[in-house]
Amino acid sequence: MTSLLGLLLMTFSSLPLQAETTSSSYTPLETVTVPLNILLPPGRDTTLRGQWDKISFPLTILDTQKAQEIKLSLTMTHSGKIDIANLWVSLGQKALANIQLQPDGNPQQVVISLTPDLLNRYGNTLTVAVRHQLPGSLSLTEQRVNAAEAVTELLANQSFFEFSYYPTQTSPTLESAAALISSGQMHDQPVQLISLLPDNAQGDLTIAGLLVQGWTLRSGSSDYQYHFYTRNNEHSDFSHKSKIQLIYGLPDALAKHASLPQNYLDAINGPYMALHYHQKQWRIIVSGRNEQELLESSKLFANPAFHLPNQTYGMIAAQSTNDQPQVASDTEYPVNLFTQQQRFGDEPLTIPLMMPANFLVNKEEQSHINLVLTHPKVAPGEAAMVIRVNGDYANSMPLRASYWRNMQHYRLSFPMSMLRPGLNNISIELYGPEQQTVSSQTGNITPFIAHISDSSAVQFGAWVNYLTRYEQQLPADQLLFITENNGSDAQVTLNYAQNSDFGDVWQLLSHLAFQARQPMTELLVTDSTTQLRPFNLNFNVGTSGDTLSPAPSDTNSLLNRLRNNLLSDMAESTTGEPINSQSQFFQYPGQSTQWEQAGNSFATLTTLSNGWRNISFTTANEQALTQEMAIYLSQPSSAVTGTIELTVPSRATDRQLLRAGFIAHPLSMPFLLFTLLLALAWFMFRGLEKKS
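The present account deals with the structure reproduced in this document. Predicted, not measured: the structure shown is a model, and the values here were computed from it. (Residues numbered from 1 in each chain as written. Predicted model: local features only at pLDDT ≥ 70, side-chain atom pairs only at ≥ 80, totals over all residues. Heavy atoms only, no water.)

### Description of the overall build of the chain
Next up, step 1: Each helix and strand counted, the chain has 15 helices and 40 strands in total.
Next up, step 2: Looking at the chain as a whole, 51% of its 692 residues are labelled buried.
Next up, step 3: Summarising the internal contacts of the chain: among those between residues at least 6 apart in sequence, 80% fall at separations of at least 24. (Helix = DSSP H or I, 4+ residues; strand = E, 2+ residues; numbered from the N terminus. Buried < 20%, exposed > 50% of the residue type's maximum accessible area, 1.4 Å probe, protein only. Contact = heavy atoms within 4.5 Å.)

Take a look at the structure:
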């Protein structure tokens, strides 16, 4: 049973807080509860590992809210390798509490009560730091090894941020709407997409898809439900269905259907965005003088790097943003390109990497992290680093004694096969003798800290990108290729027999945008059945759809056949399973899933005669689509087996394929060398023959 270990009430005022009597007389006190998993930074999990670790998350109070009571509840479990876990809680730079927990194998709970005055004085970023103490009887080496497996797990479904508030008279702005989206306060509310465009508008569904991606990336969650409405269909009564509405249309339609004040409408002189907050309903308006400006506004909303302005309404323009770095095969990048951390030890060094979709590596391919560090002097065996890839152990290295120079260079390696398409988190934990200090948020003991030089770099191994061929089922984790090039090579075709809010389509787009951590601003969403782009996600709901034949294999080129064989060797070295050209390319490891057992053709990939690809999501009705989509998105990562081809052949990919061939067939190396020597001897013989 969960036990209550601590109840911390922090008050820095001699007078008790008093609610405004005028507000409480007319407005009831409202309470908001936000689960911890909604508050986590992008890519961050709830696991605190190693000797020291910490996690920070925002506690957002909107300018329309007057907070009265604030409570943070954390429920956690610990691994059995920990003797004592010290927990520090701080708000901004202000230390709040130090709690000592003795793990007993059961979930443990800490409840922290804060006054609103604290958030006003110290900011709204709360940090939870942990120090795992191991039994003192262990040697330094044993402590380092055991500390690498010391874990405190925050149970996200049982941890939450809760506060009660009175509404204020403050008029919110678009910046307030951005804070609302990222705060997670509306995590249990559906998002309504309301189109005021004519039915024949070409960009109607595309704009809805952009708004879905924008909300997903700004909220940091793919769990929201989206519903699409138009002014002309049976769902036109949308005024009181949700607290959140994303409305888009041209000025005439907004004036007729959106009930906006006249000054809002008069300001539409270009790409435009507005917030209309009325009767506790948040209505974000996207518009422009024509469909092109409306599309431009939607793309800006879809890009989370675009900060919504601190104004209620007005024209918007693109801002200069730092785009997420796109990594390339066999290339070196500075570490500070991926992270702003300049030191680590009180928490792991975290390097987020976005890997391309559908990439394959050789079995022995390695990546290297070259760290140039400044750290306290250590004795041999006294300190070490452990590297993890997506939470899995990859490698470790002891720190060297630093008596003769200030900086040390370390080269940490990990297999490229541990990386996956989409976001990857590489973390480097530091273990070493703790330092003594007189002023710290963590008392008089601080972690062993290493400072990172700007010359530190990440060296990626080589890989090749592939595409699938023939008719086969395509799992969701292999769909990320449509996000490349901002989605300009892909389209989503909606072929529904009846009117729909397309909730399952938006769920899939949200899932893909969240996995890629970037918007597909050039993606086409349409109800026209004509395929206009190389990749088509085709939804046939209540309709049969077109029957497409797979393209014939290109067997005329000896070079292409050699490439395909070598590519299959690389896939075989990744999966450890023999390649069968007749088998399905994508297969789930282990036992068959519910999706497979049903013998379903859901998400069937077909290669057309021109090389374009069609992924068909076909169901008898929308209820069946909802059931299939839930199973489809819950599947684990798939193994790479079957018939594939290179995305773009090149000299670099050919060299990588030759390496794969030598790894898979090491006996071919002597034969190749003999062939080369024979050819060289023949040329030398002909040259000598001419001279004679």
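### Some points on the nonpolar core
Next up, step 1: By size, the foremost hydrophobic cluster in this structure holds 68 residues, and its most contacted members are W506, L508, F539, F617 and Y632.
Next up, step 2: The contacts of W506, once residues within four sequence positions are left out, are L193, L205, A208, G209, V212, Y226, F228, D501 and V525. (Core = buried A, V, L, I, M, F, W, Y, C linked by side-chain atoms within 4.5 Å.)

### Some thoughts on helix α10 (residues 503-516)
Next up, step 1: The end-to-end C-alpha distance of α10, which contains 14 residues, comes to 20 Å, matching closely the 20 Å that a straight helix rising 1.5 Å per residue would cover.
Next up, step 2: For α10, a buried count of 12 out of 14 residues is recorded, marking the element as mostly surrounded by other parts of the structure.
Next up, step 3: Burial in α10 covers these residues: G503, D504, V505, W506, L508, L509, S510, H511, L512, A513, F514 and A516.
Next up, step 4: The first or second residue beyond α10 is R517, which carries a positive phi of 55°. (Expected span 1.5 Å × (residues − 1).)

### Observations concerning unusual backbone geometry
Next up, step 1: One non-glycine residue, D330, lies in positive phi territory at about 55°.
Next up, step 2: Checked against the element boundaries, D330 lands in the loop between β17 (313-315) and β18 (332-334).
Next up, step 3: Its identity as a non-glycine residue notwithstanding, R517 has a phi of 55°, on the positive side.
Next up, step 4: Here R517 lies in the loop between α10 and β34 (524-526).

### Points about the sheet that holds strand β4 (residues 52-58)
Next up, step 1: Sheet architecture is open: 4 strands sit in the order β4-β9-β6-β7, paired in antiparallel fashion. In the strand order of this sheet, the two ends are held by β4 and β7 (94-101), each with one partner. When strand polarity is set aside, the average angle formed by the axes of neighbouring strands in this sheet is 15°.
Next up, step 2: Here 7 bridges tie β4 to strand β9 (residues 125-133), and the two strands are oriented antiparallel to one another. Bridged to W52 within β9 is R131. (Pairing = 2+ DSSP bridges. Axes fitted to C-alpha atoms, helices over the stretch in contact; angles between N-to-C directions.)

### Remarks on the environment of T312
Next up, step 1: By secondary structure assignment, the location of T312 is in the loop between α9 (291-302) and β17.
Next up, step 2: A relative accessible area of 23% places T312 in the partly exposed class.
Next up, step 3: With 139 residues separating them along the chain, T312 and T173 place their C-alpha atoms 4.3 Å apart.
Next up, step 4: Not counting residues within four places of it along the chain, the set of residues in contact with T312 comprises P172, T173, L174, Y264, M273, A274 and L275.

### Overview of the sheet that holds strand β37 (residues 604-607)
Next up, step 1: Sheet architecture is open: 6 strands sit in the order β32-β37-β38-β35-β33-β34, paired in mixed fashion. With partners counted over all chains shown, the strands left at the sheet margins are β32 (472-473) and β34, one partner each.
Next up, step 2: Direction of pairing for strand β35 (residues 535-541) relative to strand β38 (residues 613-619): parallel, over a ladder of 7 bridges. Residue pairing across strands places F535 opposite R613, the latter belonging to β38.
Next up, step 3: Taken strand by strand, α10 contacts β33 (490-496), β34, β35 and β38, and its axis lies near 165° from that of β33.

### Thoughts on the packing of aromatic side chains
Next up, step 1: Taken as a whole and assessed by the stated rule, the structure comprises 20 aromatic pairs.
Next up, step 2: With a centroid separation of 6.3 Å and 85° between ring planes, the pair formed by F502 and W506 is classed as edge-to-face. The residues F502 and W506 share a single accessibility class, namely buried.
Next up, step 3: One aromatic cluster is present, formed by Y333, F338, F359, F460 and W463 through successive ring pairs.
Next up, step 4: The ring of F514 carries the charged tip of R517 above its face, separated from the ring centre by 4.1 Å. (Phe/Tyr/Trp six-rings, centres within 6.5 Å; stacked < 30°, edge-to-face > 60°. Lys NZ or Arg CZ within 6 Å of the ring centre and 35° of its normal.)

### Brief notes about the pattern of salt bridges
In a structure, side chains of opposite charge can pair up when their charged atoms sit close to one another.
Next up, step 1: Applying the stated rule across the entire model yields 8 salt bridges.
Next up, step 2: Salt-bridge contacts for D346 lead to K54; the nearest nitrogen and oxygen are separated by 3.2 Å. Taken together, the residues span a long stretch of sequence, with D346 in the loop between β19 (343-344) and β20 (349-355) and K54 in strand β4 at a distance of 292 residues.
Next up, step 3: On the accessibility criterion, D346 (11% relative accessible area) is buried.
Next up, step 4: Here E162 and K71 are joined by a salt bridge, their closest N and O atoms 3.7 Å apart. Of this pair, E162 sits in strand β11 (residues 160-167) while K71 sits in strand β5 (residues 65-78), and the two are 91 residues apart along the sequence.
Next up, step 5: For E162, a relative accessible area of 23% corresponds to the partly exposed category.
Next up, step 6: Each of K54, R343 and D346 takes part in one network of salt bridges that share partners. (Salt bridge = Lys/Arg side-chain N within 4 Å of Asp/Glu carboxyl O.)

### Some thoughts on the environment of S417
Next up, step 1: For S417, the position within the fold is in the loop between β25 (407-415) and β26 (422-431).
Next up, step 2: We classify S417 as partly exposed; its relative accessible area is 45%.
Next up, step 3: Distance from S417 to E364, taken between C-alpha atoms, is 8.5 Å for residues 53 residues apart in sequence.

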